[in-house]
Amino acid sequence: EEEEEDVTTTTFASELEIARDRNASELFNKFYRKIWPYTRSLPEVLHHANDIIRVLLSYMLSPESEPFNPTAHVLGKGPNFRFLSSKKHPNNDDDNENNIPNQRKNSFVVNVVTTDVLHLLGVLARDMRHEIHPFVYTCILPRIINDLLNPPTTKDLSHHLDVSTVECAFRTMSYIFKYDSTKLINDGEKDGGGSLEKMRQYYGSTLGHKKDYVRRLAAESFAPLIRKIKTNVLRRKHLRRVIRALAASAAAAAATSQTESTMDEMEDFSNDEQQQQEEQQNQPTVLKSVQRAQNDAIDGVSLLLFYTVRGVPGRLHSKSQDVIKTILECLILSSTSDYQKNTASDDGKKKKKAKKTKKKNDLLAVTTPSLSNGIVSNEDKAKGNAIFSIASEFLFKARGHVQGECLNFAFVWNELYQCLHGLVDVLTSIKHDDDDNNNKEEKDMNASPLLLPQNITDDLGRIVGVMEECISFRDGILLGSNSSDDGGREDIDDFYNDQAERLSSTLVRLLDAKLYRRLPSETQSCILKLLCSSWKANPDHPVFASRLTQFLPSLTEENNMLIGDGGGKKGKRSESLDPALVLARDLLPYLPRKLALRSLVPAVLASAAKRISSSDLDRGDKESLVLMHVVATSQLESGKEAITEDDTDDLFSIDTAKDCAVPESVQSLLLDVCLSDISSPEQLGSSKIAIARLSYAVRCIPFLTHIGCSNKSLDKDPNKKGVLSSVLKKVNKWYISTLKTLAEVERSDDYLQKEVCVAKALVLEALGVTSNEV
């Protein structure tokens, strides 16, 4: 009898009794009396599955007009029934789909039995297993996702989305996915499916939800299903479609906004002034809502990818490598696939070269392109930026989960290096083809280089940006740079040395002048950030000093800011990139002292001196002054514990200058910029900008005065004492003249009294520092 009872009893019946004891509301009593006759045994549950699910879904939510009653109006038979908030169609033809109103127009609210019904629906999925599959897509998921989680936007129903109710809804969905996973995954396999294609229709309304907890719970619910997809090919196919669908929506939004702005400009001639003002006030609100929806979708997709690869704390799932590879494929193949379609060549050598490229890198199977292709439209750029945002958010979450376990992040580095070197191989092949036709131009290194195809350089910049974010995480802990904290483990030490070797060799390829000078300023900026982050994470590793020091003089040259604009114009100056300033600000404070004084500081000061003689003298003086100020106020320390100017009370840094070897010609040019002639108030003027520039220059003068004047250098070269003496006389004379001029300005102009007091204090302090250090 006990065995027979175990066969016939169901978990659903037991949980129904428990829920009855917990919920004593009148609505639940109605629900209990209606569903109890169908649940006394497992055969009855299976036989009356259609009626049980109909009752469960009807009591899950109530019509907005009747919040204490179940949803009584149902259309359809079998697993295809729908729920209406009111019986608007008297002609109820169950088989006619045209009689089913739009579900988004029906408003439902949560009632007192919603959470209990959701719990019982999850229990029913456990009892029915795969028998519940016919109801999943037809009525269960539409009821939960469309009616419960996404009420009509025209109504203010946000107070009904209680966190506990949402959590209960996704718990129910998780149980359904767990016990019906085989059917859900294999659905449509005969037609080439088998990769959860039907499930993708619900990603937009859950992963793109405006509530962050809905997006998180949705990602946690869908991720186990993605991991259970049979083959890696189908899994990557599913994820690729999800990512590209989001990228396509971002491109459509960008195209729509551009079209609307163009139409607005055309309609400005016909609309009156009042109407134009109203449209201009509404336009920012619409753009903000579109941008917010896009950001929510990016966050939701990145969460889905993260929960798919998340394993135990500190580790990633065994199937995470396919996810990483899929993301990077979407990030770079958006350009190279188009390149392959638009490029053709009849040369047999180029075809052989393309085959070799394919063998080297399975992600980049492209033919050798010509420079006339590769122009990126605004829509393609929006796609690439959206995918980059997904990859960046996903890796940000993955890095936090790994918790500094660099060995568990090794395969991520492998995929990043593979993609990066593949793109460099493609760009290098383009460079070699150019050399055959443009030998004369390549010989003249001062000529403005032609830019490479924009689609590939943009992808290179995105890959470099993703890698830079991973390197910067916790000062390079994922590279193994903090191996000393782990007790000197040999495996981490070997990993650290291997990563330093690979990273430095990658930077050597990226900084090659023949490639670097042909990249657009945005990509150059990404490479400079990668250089600074990599060297900052490995300041004492000898391979960086031996391989990368040679590039510092060429990087700080001003002609590196001369680039083409892709439209036939040459010599256009980049306004967004100053390599010397980037290196001085982001790399100099973190380099070892000897290395910085031997290589980077002389290179930056030499670059500052070259700008003085540029065609735009005023601009050259300002840029030189900025570079000098950054170098003069940097406190150099060994390793990562660098002290910048904001961390110390010292206004002047003399010790760095004494050990710095800079030619006298450079020192003289830089001093002349700082020692501007202000012997009279008229020359200084009554402008706050002029006084601010004076104060800025004063902080550089003590540094420039003592360049190369250490005790050892003075003892070795007696001539330097005479040079130092003449420089000090010139500087002290300027100090005295400047103080007199500032005093006259202070007496004659009350408007600049505060600024003049600050400038005088700086000049006096600089005079004291210069005199005491002699």
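Residues numbered from 1 in each chain as written. Predicted model: local features only at pLDDT ≥ 70, side-chain atom pairs only at ≥ 80, totals over all residues. Heavy atoms only, no water.

Student: Is there a simple way to explain the overall build of the chain in this structure?
Tutor: Helix and strand counts for the chain come out as 35 helices and six strands. Here the chain holds 774 residues, and 50% of them are scored as buried. Restricting to contacts in the chain with at least 6 residues of sequence separation, those with at least 24 account for 77%. Counting every atom, the chain has about 37,000 Å² of accessible surface; 49% of that belongs to carbon and sulfur. (Helix = DSSP H or I, 4+ residues; strand = E, 2+ residues; numbered from the N terminus. Buried < 20%, exposed > 50% of the residue type's maximum accessible area, 1.4 Å probe, protein only. Contact = heavy atoms within 4.5 Å. Areas by Shrake-Rupley, 256 points an atom, 1.4 Å probe, with all protein chains shown as cover.)

Student: So what exactly am I meant to see when it comes to the side chain of aspartate 458 here?
Tutor: By the secondary structure assignment, aspartate 458 is in helix α19 (residues 454–472). Buried charged residue aspartate 458 carries no salt bridge. Nearest counter-charge: arginine 462, at 4.6 Å. Aside from chain neighbours lying at most four places away, what touches aspartate 458 is Val376 and Lys381. (Lys, Arg positive; Asp, Glu negative; His and termini not counted. Salt bridge = Lys/Arg side-chain N within 4 Å of Asp/Glu carboxyl O.)

Student: Before we go on, may I ask you to explain a positive patch on the surface in this structure?
Tutor: Positive charge collects at one region of the surface, where Arg126, Arg129, Lys178 and Lys228 lie side by side. Here lysine 178 falls in the partly exposed class, since its relative accessible area comes to 48%. (Patch = residues over 30% accessible without salt bridge, like charges linked within 9 Å, V, L, I, M, F, W, Y side chains within 5 Å. Charge placed at Lys NZ, Arg CZ, Asp CG, Glu CD.)

Student: What am I meant to see in helix α29 (residues 664–674) here?
Tutor: Residues separated by three or four positions in an α-helix point in the same direction, a consequence of the helix having 3.6 residues per turn. Within the span of α29, buried status applies to Val666, Gln667, Leu670, Leu671, Val673 and Cys674. All buried residues of α29 project into a common sector of 155 degrees when viewed along the axis, lining one side. (Arc of directions from axis to C-beta.)

Student: Explain the nonpolar core to me, please; I cannot follow it from the model alone.
Tutor: In terms of nonpolar packing, the biggest core is built from 202 residues, with Phe31, Leu56, Ile140, Ile144, Met199, Trp413 and Leu605 touching the most fellow members. The element best represented in this core is helix α17 (residues 410–437), accounting for 13 residues. Filtering out sequence-adjacent residues up to four positions away, tryptophan 413 remains in contact with Met467, Cys470, Ile471, Leu478, Leu479, Phe495, Gln499 and Arg502. (Core = buried A, V, L, I, M, F, W, Y, C linked by side-chain atoms within 4.5 Å.)

Student: Quick question: what am I supposed to make of the environment of valine 45 here?
Tutor: Relative to the helices and strands, valine 45 resides in helix α4 (residues 42–47). Residue valine 45 is classed as buried on the basis of its relative accessible area of 0%. C-alpha of valine 45 to C-alpha of threonine 9: the two residues are 36 residues apart in sequence and 10.0 Å apart in space.

Student: Help me understand the packing of helix α26 (residues 593–612) against α29, please; the structure alone is not making it clear to me.
Tutor: Two packed helices can be described by the angle between their axes and the distance between those axes. Orientation of α26 relative to α29, taken along the N-to-C sense of each, is 60 degrees, at an axis distance of 9 Å. In this view, α26 runs oblique relative to α29, as classed from their interaxial angle. In this structure, α26 crosses over α29, and the sense of that crossing is left-handed. Along the contact surface, α26 presents Leu605, Ala606, Ala608, Ala609 and Ile612, while α29 presents Val666, Leu669, Leu670 and Val673. Across the contact of α26 with α29, the residue classes tally to nine nonpolar, no polar and no charged. (Axes fitted to C-alpha atoms, helices over the stretch in contact; angles between N-to-C directions. Parallel < 35°, antiparallel > 145°, perpendicular 65-115°, else oblique. Left-handed = near helix turned anticlockwise from the far one by under 90°. Nonpolar A, V, L, I, M, F, W, Y, C, P; charged D, E, K, R; others polar.)

Student: Sorry, what's going on with the packing of helix α8 (residues 163–179) against helix α11 (residues 212–227) here?
Tutor: Contact geometry for α8 and α11: axes closest at 9 Å, N-to-C directions at 10 degrees. As judged from the angle between their axes, α8 and α11 are roughly parallel. For the pair α8 and α11, the contacting residues are Val163, Val166, Glu167, Phe170, Met173, Ser174 and Phe177 in the first and Tyr213, Val214, Leu217, Ala218, Ser221, Phe222 and Leu225 in the second. Tallied by class, the residues present in the contact of α8 with α11 amount to eleven nonpolar, two polar and one charged.

Student: Help me understand helix α31 (residues 688–698), please; the structure alone is not making it clear to me.
Tutor: Here α31 has its buried residues at Ile691, Leu694, Ser695, Ala697 and Val698. In a view along the axis of α31, the buried residues occupy a sector of 165 degrees, so they form one face of it.

Student: Hey, could you run me through unusual backbone geometry in this one?
Tutor: Note on backbone geometry: most residues besides glycine have negative phi, and most peptide bonds are trans. For arginine 129, which is not glycine, the phi torsion reads 55 degrees and is therefore positive. Note on placement: arginine 129 falls in the loop between α6 (114–128) and α7 (133–149). Although it is not a glycine, aspartate 475 adopts a positive phi angle of roughly 55 degrees. Along the chain, aspartate 475 falls in the loop between α19 and α20 (490–510). Overall, the relative accessible area of 41% leaves aspartate 475 in the partly exposed class.

Student: Would you mind going over the environment of isoleucine 185 with me for this structure?
Tutor: Topologically, isoleucine 185 is positioned in helix α9 (residues 181–186). Between the alpha carbons of isoleucine 185 and serine 195 there is a distance of 6.0 Å; along the sequence they are ten residues apart.

Student: Would you mind showing me how to read the confidence of the model for the chain here?
Tutor: Regions with low pLDDT carry predicted coordinates that are not meant to be interpreted in detail. Across the chain, the average pLDDT comes to 78, with 71% of residues at 70 or higher. Across the chain, the element-wise mean pLDDT spans from 44 in strand β5 (residues 562–563) up to 96 in α8. Across residues 336–351, where pLDDT falls below 50, the model places 22 contacts with residues more than four positions away in sequence or in other chains. Here residues 440–448 is modelled with pLDDT under 50, and outside its nearest four sequence neighbours on either side it reaches eleven contacts, counting other chains as well. (pLDDT = per-residue confidence, 0-100.)

Student: Just to check I follow, could you spell out the packing of aromatic side chains for this structure?
Tutor: Describing an aromatic ring pair means giving the distance of the ring centres and the angle of the ring planes. Inspection of the entire model under this criterion finds ten aromatic pairs. Measuring from ring centre to ring centre gives 5.7 Å for phenylalanine 409 and tryptophan 413, while their planes differ by 75 degrees; the resulting arrangement is edge-to-face. You'll find phenylalanine 409 and tryptophan 413 in the same group, each marked buried. An aromatic cluster is present here, built from Phe28, Phe31 and Tyr59 joined pairwise through their rings. Between the NZ or CZ atom of arginine 40 and the centre of the ring of tryptophan 36, over which it lies, the distance is 5.3 Å. (Phe/Tyr/Trp six-rings, centres within 6.5 Å; stacked < 30°, edge-to-face > 60°. Lys NZ or Arg CZ within 6 Å of the ring centre and 35° of its normal.)

Student: Help me understand the pattern of salt bridges in this model?
Tutor: A side chain with one charge may pair with a side chain of the opposite charge, provided their charged atoms come close. One pass over the structure, following the stated rule, counts 23 salt bridges. Note that arginine 171 is salt-bridged to glutamate 167, the shortest N-O span being 3.7 Å. Here the residue arginine 171 and the residue glutamate 167 both occupy positions in helix α8, the gap between them amounting to four residues, near one helical turn. Classification of arginine 171 as partly exposed rests on a relative accessible area of 40%. For glutamate 167, a relative accessible area of 38% puts it in the partly exposed group. Here aspartate 322 and arginine 235 are joined by a salt bridge, their closest N and O atoms 3.6 Å apart. Separated by 87 residues along the polypeptide, aspartate 322 in helix α14 (residues 320–342) and arginine 235 in helix α12 (residues 232–267) bring together distant segments of the chain.

Student: What's the story with the environment of serine 377 in this structure? I'm lost.
Tutor: Examined against the element boundaries, serine 377 turns out to sit in the loop between α15 (348–360) and α16 (378–402). A polar side-chain atom of serine 377 sits 3.2 Å from a polar atom in the side chain of aspartate 380. (Polar contact = N/O pair within 3.5 Å; in protein donor to acceptor, adjacent residues only side chain to side chain.)

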